[in-house]
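Inside the fold
The lines below spell out each chain.
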Amino acid sequence: MLDAILVMSGLALFLGSVLGYASIRFHVQGNALVEKIDAILPQTQCAQCGFPGCRPYAEAIAEGRADINQCPPGGEANIHKLADLLGVEFKPLNAEHGEPKPKSLAFIDESTCIGCTLCIQACPVDAISGAPKQMHTIIASECTGCELCVAPCPVDCISMVPVAENISNWKWKRPSYLEQDAA
Amino acid sequence: MRKLYHFNGGVHPPQHKSESTRHPIIKPPLPEKLVIPLHQHIGNTAKPVVSKGERVLKGQKIGRAEGYVSSAIHAPTSGTILSIEQEPVPHPSGLRDLCISLEPDGMEEWIELQPVDYLNTDPSTLRNRLRDAGVVGLGGAVFPSFIKLNPSNRKIRTLVLNGAECEPYITCDDMLMRQRAAEIVEGAKIMRHMLQADEILLGIEDNKPEAIAAMKAASGDEMEVVAVPTIYPGGGAKQLIRVLTGIEVPAGERSTDLGVQCFNVATAASVYRAVRYGEPLISRIVTIAGNVANPGNYEALIGTMIDHLILQAGKNEEENVAIMGGPMMGFDLPSVRVPLVKATNCIIVKSEKLFPKRPAPMPCIRCGRCAESCPADLQPQELYWFSKAGNFGKAQEYALFDCIECGCCSYVCPSSIPLVQFYRYAKSEIWAQEREKKASDLARIRHDFRIERIEREKREKAERLAQKSAKAGSEQE
Ligand code: SF4
Ligand code: SF4
Ligand code: SF4
Ligand code: SF4
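Residues numbered from 1 in each chain as written. Chains lettered and ligands numbered in written order. Predicted model: local features only at pLDDT ≥ 70, side-chain atom pairs only at ≥ 80, totals over all residues. Heavy atoms only, no water.

Comments concerning the overall build of chain B
Using the following cut-off: Counting from the N terminus, the helices are the DSSP runs of H or I reaching at least four residues and the strands are the DSSP runs of E reaching at least two. A 1.4 Å probe rolled over the protein chains alone gives each residue an accessible area, and that area as a share of the maximum for its type sets the label: buried under 20%, exposed over 50%, partly exposed in between. In what follows, residue pairs with any heavy atoms lying within 4.5 Å of each other are defined as contacts. Residue exposure ignores everything except the shown protein chains as possible cover, and the areas themselves are Shrake-Rupley values with a 1.4 Å probe. None of His or the chain ends enter the tally, which takes Lys and Arg as positive and Asp and Glu as negative. Here the site of a charge means NZ on Lys, CZ on Arg, CG on Asp, or CD on Glu.
Helix and strand counts for chain B stand at 13 helices and 16 strands. Seen through its principal axes, chain B has C-alpha atoms that stretch 110 × 60 × 55 Å. A buried classification covers 53% of the 477 residues belonging to chain B. Sequence-distant contacts in chain B: of pairs separated by 6 or more residues, those separated by 24 or more amount to 72%. Carbon and sulfur atoms provide 50% of the accessible area of chain B, an area that totals close to 21300 Å². With 59 positive and 58 negative side-chain charges, chain B shows a spacing of 3 Å between the two charge centroids.

So this is what it looks like as structure tokens:
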């Protein structure tokens, strides 16, 4: 018994120091290239790129451990920007990581929610508010649409609702006419 | 005689103004239903303060200003609130927006009005009054007027009143100046008091001799009425300020930084009514022109259906296609079954004859005529090039945001290229990118914060555990 406690506490101390070290490294190592790459990434924090968030993916690109075409939310526009920044060739999105989708927001069916807090733990940007055993709500202005809260919900009450076009996000369309203006 | 200056560029499109100035302003009969959008101004949407089924009085506030840049909305007549719902609004998208529908009871029963003696009231109280009265710029920009009447620490020397009304077809300001000159003068005096300005200059294009005469007669020594040459877009704020004062407002600066503030004449009149009588902005004068039997100016309640007004002007047809605003800067309404809003200065019913189809665009031949016509001294052909290619950064370098979308360049282009449409497209893409950037910056901060919090919690937990076991260990010994 005592041995077990000693092992546990030793492990805890070790882990604590690793995490402490990680957080120092996290601050110190923010080199300029990583910052620039991270500034291009959409910050959806969905982990579809194969890394636990946009910044780890930015670090991996900077260190040559990952390719530039692994982020579906960023789409081809972002791959172009990354290619420009790094001076490499553009390549189409790697379909293994998923397809770009229209921007959506999570929506919790509050009558079904049992207040288990699993979604809160999954949300990378703390966009879900609510206390244990109470129904939870998505803070729409902060939800990135990463979908990470959908799978953990034991009662399937979270759905992703595409952001509808409205007066404030509406955009003028590019004029379309037969373009003889090829020059 | 005042020395006048001039701006570069400009065009002389056919005016079409005499058709709608043949008779005085008409008051159309009370409509059966009003649909009042809660977002009729630059800034935040007003918040509804009434509920379905409630009876409201004429002039009663039904939406309150939300946040600083916002403006209140009022019931244009007495009646019953039918609904507070998403309804089609006059917007190029054809989308819906939150509106309050009102069924008039025909009694026209006013709220109790509270006039203010402006000379004995401090400017901040007056500004709150205007914000509460829903007074916004009626030239089409609908920016809340109270904000422009806050000089902060800047000295405003000159108050410029804009009665130029340079765009073809539109005559609502002309008729207002002819018929209600005194209200404009009184409103300008209130504005001068609030800004502590030294002088008032009123610029009117010289194609409006009746308005010039009426304003001269009404203004006494209070302001100088100046006839300015008729050239489009002489009514652009920067252009009019330039012509009247010689001051050139540089890119990215505001005229107030140079001691000048500019308001439309109709805005001055509504400032007067809001202060002198306590009347909120519940109606406006709108020109109904183009393919109608009886073109003219109508003093319509906000929320009146535009097809109802077109009917008043003698056009009874199923499918009317109309422009809101003028032919140069306005936009095609996706439907005429939308309400009149504070920004609606003109409705032009189209016909094949008045607005023949534009020839198909041809390649740009780099003739430079667009640049010659541009009143903002831009290079429209370059802006077009970069906007078309999606190279928005470059378009911004070429001062895309100095473009006032006046349409002179499109008007003169021999290749019939819809240049302004490209600039609108480029601007809205840039705004969307900025919104996305803001959202992703917020997400980054929140994500970093969460990671730090989780790490801290883990560390603290580990330390607690270690302490606990160390304690347990020492107790055992
Ligand atoms: S895939 Fe998701 S986590 Fe990875 S960089 Fe893109 S948005 Fe960020
Ligand atoms: S609420 Fe759900 S979809 Fe939105 S950011 Fe959080 S985890 Fe992602
Ligand atoms: S006027 Fe038209 S054709 Fe001429 S330079 Fe400008 S865009 Fe090109
Ligand atoms: S629309 Fe813009 S670019 Fe064209 S003439 Fe007017 S200000 Fe110049």
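Quick notes on the pattern of salt bridges
A side chain of one charge can pair with a side chain of the opposite charge when the charged atoms of the two come close. How we decide: In the sections that follow, a salt bridge refers to a side-chain nitrogen of Lys or Arg positioned within 4 Å of a carboxyl oxygen of Asp or Glu.
Counted by the stated rule, this structure contains 41 salt bridges over all chains. Among the salt bridges present, the one from D105 of chain B reaches R55 of chain B, with a minimum N-O distance of 2.7 Å. In this pair, D105 of chain B sits in the loop between strand 7 (96-104) and helix 1 (123-132) while R55 of chain B sits in strand 3 (residues 55-56), placing the two residues 50 residues apart along the sequence. Judged by its relative accessible area of 30%, D105 of chain B is partly exposed. Salt-bridge contacts for K189 of chain B lead to E186 of chain B; the nearest nitrogen and oxygen are separated by 3.3 Å. Here the residue K189 of chain B and the residue E186 of chain B both occupy positions in helix 4 (residues 181-195), the gap between them amounting to 3 residues, near one helical turn. Under the relative-accessibility criterion, K189 of chain B is labelled buried at 18%. Here the salt bridges share partners, and the residues they tie into one network are D38 of chain A together with K437, D441 and R444 of chain B.

Brief notes about the site of ligand 4
Residues and elements named next belong to chain B. In plain terms, the rule: Only heavy atoms are used to decide nearness, and a residue is near a molecule or strand if one of them lies within 4 Å of it. Think of it as three bins: nonpolar holds Ala, Val, Leu, Ile, Met, Phe, Trp, Tyr, Cys and Pro, charged holds Asp, Glu, Lys and Arg, and polar takes everything else, Gly as well.
Lining the immediate environment of ligand 4, one finds 13 residues, of which C374, C403, C406, G407 and C409 sit closest. Secondary-structure elements contributing two or more residues to the shell around ligand 4 are helix 12 (408-412) and helix 13 (419-476). Across the shell around ligand 4, the residue classes break down as 11 nonpolar, 1 polar and 1 charged.

Remarks on the site of ligand 1
The local shell around ligand 1 holds 13 residues, among which C46, A47, C49, C54 and C71 of chain A are the closest. A class-by-class count of the residues in the shell around ligand 1 yields 9 nonpolar, 4 polar and no charged.

Overview of the environment of G75 of chain A
Residue and element names in this part refer to chain A. Of note, G75 is situated in helix 4 (residues 75-86). Classification of G75 as buried rests on a relative accessible area of 8%. Along the chain, G75 and L33 lie 42 residues apart, while their C-alpha atoms are 20 Å from each other.

Regarding the packing of aromatic side chains
Residue and element names in this part refer to chain B. The following threshold applies: Side-chain rings of Phe, Tyr and Trp (the six-membered ring for Trp) are treated as a pair once their centres are within 6.5 Å; stacked means planes under 30 degrees apart, edge-to-face means over 60, and tilted covers the remaining angles. In this scheme, Lys NZ or Arg CZ marks a charge over a ring once it lies within 6 Å of the ring centre and within 35 degrees of the ring normal.
With the rule as written, the count across this model stands at 9 aromatic pairs over all chains. Between K3 and the ring centre of Y5, over which it is positioned, the NZ or CZ distance is 4.7 Å. Cation over ring: R276 sits above Y277, and NZ or CZ is 4.9 Å from the ring centre.

With respect to the nonpolar core
Put simply, the test is: Take the buried Ala, Val, Leu, Ile, Met, Phe, Trp, Tyr and Cys residues and link them wherever side-chain atoms come within 4.5 Å; each set so joined is a nonpolar core.
Formed by 88 residues in total, the largest nonpolar core has its most connected members in I62, L130, L161, I184, M215 and I347 of chain B. Core analysis: the second largest hydrophobic core is formed by 20 residues, C370, C374, Y423 and I430 of chain B among them.

Focus on unusual backbone geometry
Residue P233 of chain B is reached from Y232 of chain B by a cis peptide bond, and omega for that bond is 0°. Its place among the elements puts P233 of chain B in the loop between strand 10 (224-228) and helix 6 (237-245).

Observations concerning the sheet that holds strand 2 (residues 47-48) of chain B
Residues and elements named next belong to chain B. The condition is simple: Think of it this way: DSSP has to see at least two bridges between two strands before they count as a pair.
If you trace the 3 strands from one edge of the open sheet to the other, you get 2-4-5, paired in antiparallel fashion. Two strands close off the open sheet at either side, each with one partner strand: strand 2 and strand 5 (73-74). Alignment of strand 4 (residues 61-64) against strand 5, held across 2 bridges, turns out to be antiparallel. Bridged to G63 within strand 5 is I73.

Notes on the interface of chain B and chain A
Interfaces are often described in size by the accessible area the parts lose on coming together. Stated formally: Within 3.5 Å is the distance limit for a polar contact, defined as a pair of N or O atoms, with the added protein rule that one can donate a hydrogen and the other accept it, and that residues adjacent in sequence qualify only through two side-chain atoms.
The interface of chain B with chain A comprises 44 residues on the first partner and 45 residues on the second. Residue R446 of chain B is joined to E142 of chain A by a salt bridge in which the shortest nitrogen-to-oxygen separation is 3.2 Å. If you look at where chain B meets chain A, you find 14 residue pairs in polar contact (both at pLDDT 80 or more). Put simply, the parts of the chain that give the side of chain B that touches chain A at least two residues each are strand 7, helix 10 (380-388) and helix 13 of chain B.

Re the pairing of strand 7 of chain B
Residues and elements named next belong to chain B. As defined by bridge partners, strand 1 (residues 34-37) adjoins strand 7 across 4 bridges and the pair is classed as antiparallel. Its bridge partner being in strand 7, L34 is matched across the sheet by L102. Inspection of the sheet shows strand 6 (residues 79-88) paired to strand 7 by 9 bridges, in the antiparallel sense. Its bridge partner being in strand 7, I84 is matched across the sheet by I100.

Let's talk about the domain arrangement of chain A
Residues and elements named next belong to chain A. Filter applied, for reference: Segment limits for the domains were obtained from an automatic or database-derived domain assignment. When two parts are brought into contact, each loses some accessible area as probed by a 1.4 Å sphere; the total of that loss over both is the buried area.
By the assigned domains, chain A splits into domain 1 (32-97) and domain 2 (104-162). Computed from C-alpha atoms alone, the centre-to-centre distance between domain 1 and domain 2 is 26 Å. Contact residues are listed per partner, giving 4 residues for domain 1 and 6 residues for domain 2. With both sides pooled, the region where domain 1 packs onto domain 2 buries about 330 Å², and carbon together with sulfur makes up 64% of that total. The largest share of the area that domain 1 buries against domain 2 comes from T44, Q45 and C46, three residues that together contribute 88% of it. Summed over the shared surface of domain 1 and domain 2, the result is 0 salt bridges. In this assembly, domain 1 and domain 2 are joined by 1 residue pair in polar contact (both at pLDDT 80 or more). Looking at the side of domain 1 that touches domain 2 residue by residue, the class counts come to 1 nonpolar, 3 polar and no charged.

As for helix 1 of chain B
Residue and element names in this part refer to chain B. To keep things clear, this is the line we draw: The arc in question is formed by the directions pointing from the helix axis toward the C-beta atoms.
Where helix 1 is concerned, the buried positions are L126, R127, L130 and R131. Looking straight down helix 1, one finds that the buried residues subtend no more than 140° of arc, so they occupy a single side. The inward-facing, buried residues of helix 1 contact helix 2 (145-148), helix 4 and helix 7 (265-277). A positive phi of about 70° marks G134, the residue just after helix 1.

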